[in-house]
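These are the residues of each chain, in order.
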Amino acid sequence: MPDGTLAPDEGADRDHVADAADAGLIQHVRRNLVLWSGGTTLVVLLILAVALYLAVAGSLETSGVDQLESAMALPRAILTGQRPDPGDTSAYDVRLGSPTFALAVDEQDRVVAGPRTQIPAGLPYMAAVTAARVGSRDLRTTTIGTTPVRILTEAIQTTTGRTFIIQVVEDRTTEQRTLQAMLIVLLIGGLVVVVVAFGFGAVYARRALVPIRESLTAQRTALGRQRDFAADASHELRTPLTVIRSSIEYLQRHKADPVATVGTALDDIDDEVRHMTAMVEDLLLLARSDSGAVELEHLPVDLGDVAAAGASALAATAAGRDVRIEVDPHPAMITGDPARLRQLVMILVDNAIRHSPSGGRISVTVRSDTDGVTLTVDDDGPGIRPEDRAHVFERFYRAPGAPGGGTGLGLAIASWIVERHGGRIAVSNRDDHGARFTVDLPAAASVSGGAA
């Protein structure tokens, strides 16, 4: 049977609140990460889309203006005498390929030359003609009917002193369709990329938060263990302190009496002080082990010799309870800390003594094989209830009906010692009666670097 006290989970509500707070914090961080990921992608896409759209629009405009300049070259050359006038007004039909054409307007705003086909309604564009007469040149985009156009208008003076207005018109329908198609592609593609970015952002945010979630869980677990540890220690120390306080009060009421007549008060104080001293030492050991401050030696040790020495140290205690200890050690070399391994044996044997009836027998055996070394401690006690097995190595756990006298930390320390030596400890019931504690440790040749 184990030697401890079961402390109630007084921090359950606080753990629930902490869980909710951590979940809310992680959800908030995940949402922010996703928003930052998607939002950053959206901003970058907007910048790239605007830059691309402006670049393409500028390139198309430059190409269109170059085409208008090329179309303007022929009538300018004819009017300025650089080329002979064929005397045919159709010469001004500068058709560099649809949809670009030119027309000429005289001083009375009459169209004196133009395309062979019918001039579309709205041409010449008189606002541009007026602007060209004032500034000699005008370039603008507008809409004629339902057709978007770019118009280059220029005032050209002939060799005879007359001034004609040449207007070159370009259909921008193809240019507009190109820009609209590109805009649709950018919008749809950008939307798809943003959705994908949010999706990947959610996935990576979840993965990125795993270490944070684990860290929060570990911190909360550590805090919970510290809180439970302090609560359990306070509970265990309360009883001996109460006994000591009562004994002192009794002695104060009988100050004039000889020591021999004050009954068991001094013995009670001595017993409780010893008990508290052992408990405090165990508490300090566990506290230091939790912080990683306890260093173990890594020496070759014969566990058989250690088990024999540890069991022999408790022979007098066992005899006082009319319990017999039988030790059957075989040579078994391991790598570890001799003092801690001796402490392990003494904890298990002391636990077996306190749970064995008068006239009972405790068996300590050590065996070695190719898989490692096994230490077994059997007692003749009532055994362990199935519902208690999962809690045997917990600090301060005490099963109903367990005998007193222990610090409630022995088996927890035993578990820690075994763990630091790279082994396993388990408890079970024997086939006939009594409990069995089994410790499996790696043999010396199997231990890598000694105890951790």
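No experiment lies behind these values; they were computed from the predicted model shown. (Residues numbered from 1 in each chain as written. Predicted model: local features only at pLDDT ≥ 70, side-chain atom pairs only at ≥ 80, totals over all residues. Heavy atoms only, no water.)

Asks: Explain the pairing of strand S10 (residues 372–378) to me, please; I cannot follow it from the model alone.
Replies: In summary, the side chains of a regular strand alternate between the two faces of the sheet. Most of S10 is tucked away: 6 of the 7 residues are buried. As paired strands, strand S9 (residues 361–369) and S10 are joined by 7 bridges and run antiparallel to one another. Residue pairing in the sheet places Ser 363 in a bridge with Asp 378 of S10. With antiparallel pairing between neighbouring strands as the criterion, S9 and S10 make up a hairpin whose turn holds 2 residues. Judged from the 6 bridges that link them, S10 and strand S12 (residues 435–441) form a sheet pairing that is antiparallel. Bridging across to S12, Val 373 finds its partner in Leu 441. (Buried < 20%, exposed > 50% of the residue type's maximum accessible area, 1.4 Å probe, protein only. Helix = DSSP H or I, 4+ residues; strand = E, 2+ residues; numbered from the N terminus. Pairing = 2+ DSSP bridges.)

Asks: What is the right way to read the side chain of Thr 376 from this model?
Replies: Tracing the backbone through its elements, the reader meets Thr 376 in strand S10. Note on Thr 376: relative accessible area 12%, which makes it buried. Filtering out sequence-adjacent residues up to four positions away, Thr 376 remains in contact with Ser 363, Val 364, Thr 365, Arg 436, Phe 437 and Thr 438. (Contact = heavy atoms within 4.5 Å.)

Asks: Looking at this model, I keep getting lost on the confidence of the model for the protein chain. Mind explaining?
Replies: As a note on interpretation, predicted positions should not be read in detail where pLDDT is low. When pLDDT is averaged across the protein chain, the result is 78; 76% of the residues are at 70 or more. Low pLDDT, under 50, characterises residues 1–11; the stretch is placed with 42 contacts to residues that sit more than four places away or in other chains. Segment residues 446–452 is flagged for pLDDT under 50; beyond a separation of four residues in sequence, or across chains, it makes 10 contacts in the model. (pLDDT = per-residue confidence, 0-100.)

Asks: Help me out: how do you make sense of the packing of helix H5 (residues 303–313) against helix H7 (residues 338–355) in this one?
Replies: The axes of two packed helices give the description: the angle between them and the distance between them. Interaxial distance between H5 and H7 falls to 8 Å at its minimum, and their mutual angle equals 50°. Taken together, H5 and H7 sit at an angle that is classed as oblique. Crossing hand, H5 versus H7: right-handed. Together, Val 306, Ala 307, Ala 309, Gly 310, Ala 311 and Ala 313 of H5 and Pro 338, Leu 341, Arg 342, Val 345, Met 346 and Val 349 of H7 make up the contact between the two elements. (Axes fitted to C-alpha atoms, helices over the stretch in contact; angles between N-to-C directions. Parallel < 35°, antiparallel > 145°, perpendicular 65-115°, else oblique. Left-handed = near helix turned anticlockwise from the far one by under 90°.)

Asks: Sorry, what's going on with the pattern of salt bridges here?
Replies: When the charged atoms of two side chains with opposite charge come close together, those side chains can pair. Overall, the coordinates contain 20 salt bridges when judged by the stated rule. In this structure, Glu 326 and Arg 361 form a salt bridge, with 3.1 Å as the shortest nitrogen-oxygen distance. Taken as a pair, Glu 326 in strand S7 (residues 324–329) and Arg 361 in strand S9 lie far apart in primary sequence, 35 residues in all. A salt bridge links Arg 354 to Asp 350; its shortest N-O distance comes to 3.4 Å. Of this pair, Arg 354 and Asp 350 both sit in helix H7, 4 residues apart, which is roughly one turn of the helix. (Salt bridge = Lys/Arg side-chain N within 4 Å of Asp/Glu carboxyl O.)

Asks: Hey, could you run me through unusual backbone geometry in this one?
Replies: What is expected of a backbone is that most residues other than glycine have negative phi and most peptide bonds are trans. Residue Pro 124 follows Leu 123 across a cis peptide bond; omega there is -5°. Within the secondary structure, Pro 124 sits in the loop between strand S2 (111–113) and helix H2 (126–135). Here Asp 109, not a glycine, exhibits a phi torsion of approximately 60°, which is positive. Its place among the elements puts Asp 109 in the loop between strand S1 (100–105) and S2. Here Ser 136, not a glycine, exhibits a phi torsion of approximately 75°, which is positive.

Asks: Is there a simple way to explain the side chain of Asp 378 in this structure?
Replies: The residue Asp 378 is located in strand S10 in this model. Relative accessible area serves as the criterion here: at 8%, Asp 378 is assigned to the buried category. Reaching out from Asp 378, the side chain makes a polar contact with the side chain of Arg 436 at a distance of 2.8 Å. The contact partners of Asp 378, leaving out residues within four places of it in the chain, are Arg 361, Ile 362, Ser 363, Arg 430, Ala 435 and Arg 436. (Polar contact = N/O pair within 3.5 Å; in protein donor to acceptor, adjacent residues only side chain to side chain.)

Asks: Help me out: how do you make sense of the environment of Val 301 in this one?
Replies: Summarising the element assignment, Val 301 is placed in strand S6 (residues 299–302). Residue Val 301 is classed as buried on the basis of its relative accessible area of 5%. The contact partners of Val 301, leaving out residues within four places of it in the chain, are Val 306, Ala 332, Met 333, Ile 334, Gly 336, Pro 338 and Leu 341.

Asks: Got a minute to help me understand the sheet that holds S2 in this structure?
Replies: Across a sheet, strands are paired by hydrogen bonds formed along the backbone, either parallel or antiparallel in direction. The sheet built from 5 strands is open, its strands ordered S2-S1-S5-S4-S3 with antiparallel pairing. Single-partner strands in this sheet number two, and they are S2 and strand S3 (137–144). Sheet twist, expressed as the mean angle between neighbouring strand axes with direction ignored, is 30°. Bridging between S3 and strand S4 (residues 147–157) involves 8 bridges; their strand directions are antiparallel.

Asks: What should I look at first to understand H2 in this one?
Replies: It helps to recall that an α-helix has 3.6 residues per turn; residues three or four apart then point in one direction. All of the buried residues in H2 are Ala 128, Val 129 and Ala 132. The arc enclosing the buried residues of H2, seen along the axis, measures out at 105°, which places them on a common side. Contact partners of the buried residues in H2: S3, S4 and strand S5 (163–171). One or two steps after H2, the chain reaches Ser 136, where phi turns positive at roughly 75°. (Arc of directions from axis to C-beta.)

Asks: I keep staring at the packing of aromatic side chains and nothing clicks. Help me out?
Replies: The description of two aromatic rings rests on the distance between their centres and on the angle between their planes. Counted under the stated rule, the structure contains 1 aromatic pair. Taking the centre distance of 6.1 Å and the plane angle of 85° together, the rings of Phe 393 and Phe 437 count as edge-to-face. In this pair, Phe 393 sits in the loop between S10 and helix H8 (410–420) while Phe 437 sits in strand S12, placing the two residues 44 residues apart along the sequence. Overall, the relative accessible area of 22% leaves Phe 393 in the partly exposed class. Residue Phe 437 is classed as buried on the basis of its relative accessible area of 1%. (Phe/Tyr/Trp six-rings, centres within 6.5 Å; stacked < 30°, edge-to-face > 60°.)

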